[in-house]
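Structure assessment
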Amino acid sequence: MSTSTTVTVTQERAWMEQAVELATTSALNGGGPFGALVVKNGVIIASANNKVTSTCDPTAHAEVNAIRAAGAELGTFMLDGCTLISSCEPCPMCLAASLWARVDRLLYAADRDDAAVAGFDDRRFYTLLEKKPQAAWPMEVEHLDLPNRTAPFDAWIAKSDRVDY
């Protein structure tokens, strides 16, 4: 493996750790247990957490919030050349938003089954949309497993004053 590849993998892991930490902090401070970053040319352009219950907005998922912030920061709705890094496998709405924004690549840590254990079971929505294999999508989607990938959900489950949805 070349040095530049090692640096890229190391950077991706660091960004993923940041997304997981953002999600954990969100869960502990009134947000949902999800965090996301948008990176372009090796620089974090935007970061966001889930604010569904705090804003009463069912679309205020971390990925959508990060995409909105990145578009505002870059002054464009086209996020080609960007990577979306999410603490969890994005739900179908967030996947569609990523595709619509023309994000080049998507990385996530926890998966849909990890989310379901914490009460975020979107698996029935995935089955509605799984007509075309991810390999044929115009965006690369990759699972990056981390040992602490469920930390945000653990914090969420332990929180006695959480608002379940």
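The protein chain is annotated in an unreviewed UniProt entry as Nucleoside deaminase from Streptomyces luteolus.

Quick notes on unusual backbone geometry
Positive phi, close to 55 degrees, is recorded for asparagine 41, a residue that is not glycine. Relative to the helices and strands, asparagine 41 is located in the loop between β1 (32-40) and β2 (43-50). Looking at asparagine 41, the relative accessible area reads 72%, which means it is exposed. Located in the positive-phi region is arginine 102, a residue other than glycine, with phi close to 65 degrees.

A word on the environment of serine 98
Relative to the assigned elements, serine 98 resides in helix α4 (residues 92-100). Taking the relative accessible area as the measure of exposure, serine 98 reaches 0% and is therefore buried. When sequence neighbours within four positions are dropped, the list of residues in contact with serine 98 reads Ile67, Leu84, Val103 and Met139. Side-chain polar atoms of serine 98 contact the backbone oxygen of cysteine 94, separated by 2.8 Å.

Concerning the sheet that holds strand β5 (residues 140-143)
On the basis of which strands lie adjacent, the open sheet formed by five strands has the order β2-β1-β3-β4-β5 and mixed pairing. A strand with exactly one partner marks an edge of an open sheet, and here the two such strands are β2 and β5. On average, each strand axis in the sheet is tilted by 15 degrees relative to the strand beside it, whichever way the strands run. Sitting on the sheet, helix α3 (residues 62-74) touches β1, β2 and β3 (82-88), and the angle it makes with β2 is about 145 degrees.

Focus on the environment of alanine 151
The residue alanine 151 is located in helix α7 (residues 151-158) in this model. As for alanine 151 and serine 87, which are separated by 64 residues in sequence, their C-alpha atoms are 9.7 Å apart. Other than its neighbours up to four places away in sequence, alanine 151 contacts Val20 and Thr24.

Remarks on the pairing of β3
Across the seven residues that make up β3, a large majority, seven, are buried. As paired strands, β1 and β3 are joined by five bridges and run antiparallel to one another. Each bridged residue has a counterpart across the sheet, and for valine 39 the counterpart in β3 is threonine 83. Relative to strand β4 (residues 105-110), β3 runs parallel, the two sharing five bridges. Bridging across to β4, isoleucine 85 finds its partner in leucine 107. Taking the sense of rotation as the criterion, the β-α-β connection linking β3, α4 and β4 turns out right-handed.

Definitions and cut-offs
- Residues numbered from 1 in each chain as written.
- Predicted model: local features only at pLDDT ≥ 70, side-chain atom pairs only at ≥ 80, totals over all residues.
- Heavy atoms only, no water.
- Helix = DSSP H or I, 4+ residues; strand = E, 2+ residues; numbered from the N terminus.
- Buried < 20%, exposed > 50% of the residue type's maximum accessible area, 1.4 Å probe, protein only.
- Contact = heavy atoms within 4.5 Å.
- Polar contact = N/O pair within 3.5 Å; in protein donor to acceptor, adjacent residues only side chain to side chain.
- Pairing = 2+ DSSP bridges.
- Axes fitted to C-alpha atoms, helices over the stretch in contact; angles between N-to-C directions.
- Right-handed = clockwise from strand over helix to strand, strands pointing away.

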